[in-house]
Amino acid sequence: MGAAFFCFQTLSFKLSTDFPIRCEDILHAEESAMPIVAWDVSLSVGNNVIDEHHRHLIALLNKAYDEFCDKNSMVAMGPLLEELIDYATYHFAHEEKLMKATSYPEAAQHLQEHERFVKRVTEMQKDFVTGDVPFSLELLSFMRNWLVNHISKIDTKLGAYASTRH
């Protein structure tokens, strides 16, 4: 008997909530897959450039999710994962310049968050590329949860602080 293949629907979220992907949030792939993250105003940090970067990161994550749901497109995952990591690195560099320009007092902690994300996703990418671990919901779930939590809890503080400095 073949393995069942599942995709999950977009999870609604509130700023005060952690964002675990739970079994009850899973759909069969035959149903229309929704994006793994939907942009809305609760994810705005009040900085147009950073908000645009976040929209692009969310679009890349949704594209990775769509490819994951399409069992025949796993070949595209390597380059897509690399693009997502590259764009996140580009985005982090922009945020880091903003932190420096505004003398952001929580810069050290914020930078550590970025470093942990890059380290973890790079490890997962390496495992995928070498064939040690297949691309999985674990990676998508980690990226989704980290991104939404980071934007809503960490980047909003940076956006608010930077808006008082410009």
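Each remark here, short or long, concerns the structure printed above.
What counts, and where the lines are drawn
Residues numbered from 1 in each chain as written. Predicted model: local features only at pLDDT ≥ 70, side-chain atom pairs only at ≥ 80, totals over all residues. Heavy atoms only, no water. Helix = DSSP H or I, 4+ residues; strand = E, 2+ residues; numbered from the N terminus. Buried < 20%, exposed > 50% of the residue type's maximum accessible area, 1.4 Å probe, protein only. Expected span 1.5 Å × (residues − 1). Core = buried A, V, L, I, M, F, W, Y, C linked by side-chain atoms within 4.5 Å. Axes fitted to C-alpha atoms, helices over the stretch in contact; angles between N-to-C directions. Parallel < 35°, antiparallel > 145°, perpendicular 65-115°, else oblique. Contact = heavy atoms within 4.5 Å. Nonpolar A, V, L, I, M, F, W, Y, C, P; charged D, E, K, R; others polar. 1 Å grid on protein atoms, 1.4 Å probe; cavity = no way out; pocket = protein on both sides within 12 Å on 5 of 7 lines; lining within 4 Å. Points joined across faces, edges and corners; volume = space filled by probe spheres on them.

Talk me through the environment of Pro105; I want residue IDs and the actual numbers.
By secondary structure assignment, the location of Pro105 is in the loop between α2 (77–101) and α3 (107–129). The class for Pro105 is exposed, based on a relative accessible area of 59%. Distance in space between the C-alpha atoms of Pro105 and Tyr161 is 9.2 Å, their sequence separation being 56 residues.

Describe α2, and please don't skip the residues or the numbers.
Here α2 is 25 residues long and its end C-alpha atoms lie 36 Å apart, about the 36 Å a rise of 1.5 Å per residue gives. Just downstream of α2 lies Ser103, where phi reads positive at about 50 degrees.

I'd love a proper account of the nonpolar core, names of residues and values included.
Membership of the largest hydrophobic core comes to 40 residues, with the highest contact counts inside it found for Leu61, Leu81, Phe135, Leu140 and Met143. For this core, the secondary-structure elements that each account for two or more residues are α1 (48–69), α2, α3 and α4 (137–165).

Tell me what's going on with the packing of α3 against α4, and back it up with residues and numbers.
It is at 11 Å that the axes of α3 and α4 come closest, and there the two elements cross at 170 degrees. Between α3 and α4, the angle is such that the two are roughly antiparallel. Contact with α3, carried on its side by His110, Glu113, His114, Phe117, Arg120, Val121 and Met124, involves Glu138, Leu139, Phe142, Met143, Trp146, His150, Ile154, Asp155 and Leu158 of α4 and no other residues of that element. Partitioned by chemical class, the residues of the contact of α3 with α4 number 9 nonpolar, 3 polar and 4 charged.

Give me the lowdown on empty space enclosed by the protein, citing residues and values where you can.
According to the stated counting rule, one finds 1 cavity of 30 Å³ or more in the structure shown. Taken as a whole, the largest cavity holds about 70 Å³ of empty space. Looking at the largest cavity, the residues that line it are Leu57, Leu61, Leu84, Ala88, Phe92, Phe117, Met143, Trp146 and Leu147. Only α1, α2 and α4 provide two or more residues apiece to the lining of the largest cavity. Across the lining of the largest cavity, the residue classes tally to 9 nonpolar, no polar and no charged.

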